[in-house]
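Coordinate analysis (summary)
Here is how the chains run, residue by residue.
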Amino acid sequence: MKFFVYHTPELAPANVLPDCAIVVDVLRATTTIATALNAGAEAVQVFSDIDSLMQTSENWPADKRIRVGERGGAKVEGFDLGNSPLSCTPEFVKNKRLFMTTTNGTRSLERIQATPVVLTAAFINRRAIVEYLIAKSPETVWVLGSGWEGSFSLEDTACAGAVAQNLVHEMGYPLDDFAGNDEVFAAISLYSQWQNNLFELLNHASHGQRLLRLGCYEDLQYCAQEDILDVLPIQKEPGVL
Ligand code: 3SL
């Protein structure tokens, strides 16, 4: 397995795709996706823009759909939910399809949706991702951080490092053979430094601070937990997990 980390979708090479792409947006899109699927949502369908979400979701039965969206961290006006994973309870999402648009995470998913296997990862479901990779052993794996509007996000690269470190330990891969780019070393170093204090790391992150200003303290606490959900968000058709 050759493992590559890209801090943002823009940094991934154009005109080539890996065997497996893993999108990470710890704060909060991929944490919300894992939570919703674990709570029994029928699927999560992602959109980079609000208009196409509205058009597609109009054709879905109203009692079977939930519109989820944020811009700048705040709920999109008229939508059922913002992007808080804590809202995705079984009472609310079970057997429903989430139609979701977010500032960065859904854009990353759109960027690599033609990849044969697309997964989403967060700290909360890191273990399920690692187990899938060990079982299937795809030849090339990209982890794409979502960043914030094109710039680096601490928490996404740390999560990429959490997946990479786990794989290296469990599979006994020599790091030099496993790492496809220098970012893999950086991601593992970042995670190793903070793995016992991920909540504090999220507090330092610029998007963590933005969410704290919006009153999302409990979201940060939730997103900082590791391996609490055994759920594998995997793309079933383009844009649908
Ligand atoms: O940018 C995104 O995709 C979101 O996850 C950002 S937020 O945490 O919902 O504000």
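Located above this text is the structure these notes cover.
The structure contained in this document is the topic of the report that follows. Nothing here was measured: the structure is a model prediction, and the numbers come from that model.

So, about the pattern of salt bridges. This structure, assessed with the given rule, holds eight salt bridges. The salt bridge involving Glu 10 is made with Arg 107; its shortest N-O contact spans 2.9 Å. With a gap of 97 residues between them, Glu 10 in the loop between β1 (2-6) and β2 (20-24) and Arg 107 in helix α4 (residues 105-111) connect regions that are remote in the sequence. Across the salt bridge formed by Glu 226 and Arg 126, the nearest N and O atoms sit 3.1 Å from each other. Of this pair, Glu 226 sits in the segment after α11 (217-223) while Arg 126 sits in helix α5 (residues 126-136), and the two are 100 residues apart along the sequence. We classify Glu 226 as partly exposed; its relative accessible area is 24%. Residue Arg 126 is classed as buried on the basis of its relative accessible area of 6%. One connected set of salt bridges, linked through shared partners, spans Arg 126, Glu 226 and Asp 227.

Our focus in this paragraph is the site of the ligand. Near the ligand you find 14 residues, and of these Asp 25, Arg 28, Asn 83, Thr 102 and Gly 105 are the closest. Separating an oxygen atom of the ligand from a backbone N or O atom of Leu 27 is a distance of 3.3 Å. Contact between the ligand and Gly 105: an oxygen atom at 2.6 Å from a main-chain N or O atom of the residue. Out of a free accessible area of 290 Å², the ligand has 100% covered by protein chains. Given that more than half its atoms are within 2 Å of the pocket grid, the ligand belongs to the largest cavity. Split into classes, the residues belonging to the shell around the ligand amount to four nonpolar, seven polar and three charged.

Throughout the structure, instances matching the rule amount to one cavity of 30 Å³ or more. Quantified by volume, the largest cavity comes out at close to 70 Å³. Considering the residues around the largest cavity, the lining is formed by Asp 25, Leu 27, Arg 28, Glu 70, Gly 73, Asn 83, Thr 102, Asn 104, Trp 148 and His 207. When the residues that make up the lining of the largest cavity are grouped by side-chain class, the tally is two nonpolar, five polar and three charged.

This paragraph deals with the sheet that holds β2. Taken in spatial order, the four strands make up an open sheet running β1-β8-β2-β7, and their pairing is parallel. Both outer strands of the open sheet, β1 and β7 (117-121), are each paired with one neighbouring strand and no more. Direction aside, neighbouring strands of the sheet carry axes that sit 20 degrees apart on average. Pairing geometry for β1 and strand β8 (residues 140-145), over five bridges, is parallel. Opposite Lys 2, over in β8, you have Thr 140 as the bridge partner. Where α5 meets the sheet, it contacts β1, β2, β7 and β8, and its direction lies at approximately 150 degrees from that of β7. Contacting β1, β2, β7 and β8, helix α6 (residues 154-171) crosses the sheet at an angle of about 170 degrees to β1.

Before going further, it helps to spend a moment on the side chain of Thr 30. Tracing the backbone through its elements, the reader meets Thr 30 in helix α1 (residues 29-38). Residue class for Thr 30 comes out buried when judged on its relative accessible area of 1%. At a separation of 2.7 Å, a polar atom in the side chain of Thr 30 contacts the main-chain carbonyl oxygen of Ala 121. Ignoring anything within four residues of it in the chain, the contact list for Thr 30 reads Val 23, Val 24, Asp 25, Thr 120, Ala 121 and Ala 122.

Here we come to the packing of α6 against helix α8 (residues 182-194). Look at α6 against α8: their axes get within 7 Å of each other, and the N-to-C directions meet at 95 degrees. Here α8 runs roughly perpendicular to α6, going by the angle between their axes. Residue-level contacts link Leu 154, Thr 157, Ala 158, Ala 160, Gly 161, Ala 162, Ala 164 and Gln 165 of α6 to Val 184, Ala 187, Ile 188, Leu 190, Tyr 191 and Ser 192 of α8. When the residues that make up the contact of α6 with α8 are grouped by side-chain class, the tally is 10 nonpolar, four polar and no charged.

With an omega dihedral of -5 degrees, the bond running from Leu 27 to Arg 28 counts as a cis peptide bond. Mapped onto the secondary structure, Arg 28 falls in the loop between β2 and α1. The residue Asn 15 is not glycine, and still its phi comes out positive at about 65 degrees. A positive phi angle is found at Glu 149, which is not glycine, with a value near 45 degrees. Along the chain, Glu 149 turns up in the loop between β8 and α6.

About the criteria used
Residues numbered from 1 in each chain as written. Predicted model: local features only at pLDDT ≥ 70, side-chain atom pairs only at ≥ 80, totals over all residues. Heavy atoms only, no water. Salt bridge = Lys/Arg side-chain N within 4 Å of Asp/Glu carboxyl O. Helix = DSSP H or I, 4+ residues; strand = E, 2+ residues; numbered from the N terminus. Buried < 20%, exposed > 50% of the residue type's maximum accessible area, 1.4 Å probe, protein only. Near = heavy atom within 4 Å. Polar contact = N/O pair within 3.5 Å; in protein donor to acceptor, adjacent residues only side chain to side chain. Areas by Shrake-Rupley, 256 points an atom, 1.4 Å probe, with all protein chains shown as cover. 1 Å grid on protein atoms, 1.4 Å probe; cavity = no way out; pocket = protein on both sides within 12 Å on 5 of 7 lines; lining within 4 Å. Sits in = over half its atoms within 2 Å of the grid points. Nonpolar A, V, L, I, M, F, W, Y, C, P; charged D, E, K, R; others polar. Points joined across faces, edges and corners; volume = space filled by probe spheres on them. Pairing = 2+ DSSP bridges. Axes fitted to C-alpha atoms, helices over the stretch in contact; angles between N-to-C directions. Contact = heavy atoms within 4.5 Å. Parallel < 35°, antiparallel > 145°, perpendicular 65-115°, else oblique.

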